[in-house]
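Spelled out from the first residue to the last, the chains are:
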Amino acid sequence: MAWRGHLSRNLKELRFLFCPTSPASSPTRIFVQKNYKDLKTLNPKLPLLIRECSGIEPQLWARYDMGVERGIRLEGMTEQQIAKAIEDLVKMGAGLKA
């Protein structure tokens, strides 16, 4: 999972949106609880934003250079699939810089 240390190289911001009570958001909540500290430790200057809103579908948004944003719906994903989605967003950011 070397990509975890490359978040701040390829992203300007990473945003998690989820409902604090909905079962559909449960894997996202668990992922954030388990991984936030590690991600923040490896990328101290990268804004990792957690946005809770009742009734919202779980989503992940990445902001790149020049205000480019990409979003992924996380509903139905496992914690491993969420990690893979972040990894894909990081790789996409590397491609945008090339």
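Scroll up to find the structure this text is about.
What counts as what
Residues numbered from 1 in each chain as written. Predicted model: local features only at pLDDT ≥ 70, side-chain atom pairs only at ≥ 80, totals over all residues. Heavy atoms only, no water. Pairing = 2+ DSSP bridges. Helix = DSSP H or I, 4+ residues; strand = E, 2+ residues; numbered from the N terminus. Axes fitted to C-alpha atoms, helices over the stretch in contact; angles between N-to-C directions. Contact = heavy atoms within 4.5 Å. Salt bridge = Lys/Arg side-chain N within 4 Å of Asp/Glu carboxyl O. Buried < 20%, exposed > 50% of the residue type's maximum accessible area, 1.4 Å probe, protein only.

(A) Representation of the sheet that holds strand 2 (residues 48-52) within the structure. With mixed pairing, 4 strands are arranged side by side in an open sheet as 2-1-3-4. Each edge of the open sheet carries a strand with a single partner, namely strand 2 and strand 4 (69-73). Sheet twist, expressed as the average angle between the axes of neighbouring strands with direction ignored, equals 15 degrees. For strand 1 (residues 13-18) and strand 3 (residues 59-63), the ladder comprises 5 bridges, and the chain directions are antiparallel. Opposite Leu 14, over in strand 3, you have Ala 62 as the bridge partner. Those strands touched by helix 2 (residues 26-42) are strand 1 and strand 2, and its axis lies near 155 degrees from that of strand 1.

(B) Geometry of the pattern of salt bridges. Enumeration over the complete set of coordinates arrives at 9 salt bridges. With its nearest N and O atoms 3.3 Å apart, the salt bridge here joins Asp 65 to Lys 12. Here Lys 12 lies in the loop between helix 1 (7-10) and strand 1 and Asp 65 lies in the loop between strand 3 and strand 4, a separation of 53 residues in the sequence. Using a relative accessible area of 42% as the deciding quantity, one classes Lys 12 as partly exposed. Across the pair Arg 63 and Glu 13 runs a salt bridge whose closest N-O atoms are separated by 3.5 Å. Of the two residues, Arg 63 is situated in strand 3 and Glu 13 in strand 1; the sequence distance between them amounts to 50 residues. Overall, the relative accessible area of 12% leaves Glu 13 in the buried class. Several salt bridges converge on common partners, so that one network encompasses Glu 13, Arg 15, Arg 63 and Glu 69.

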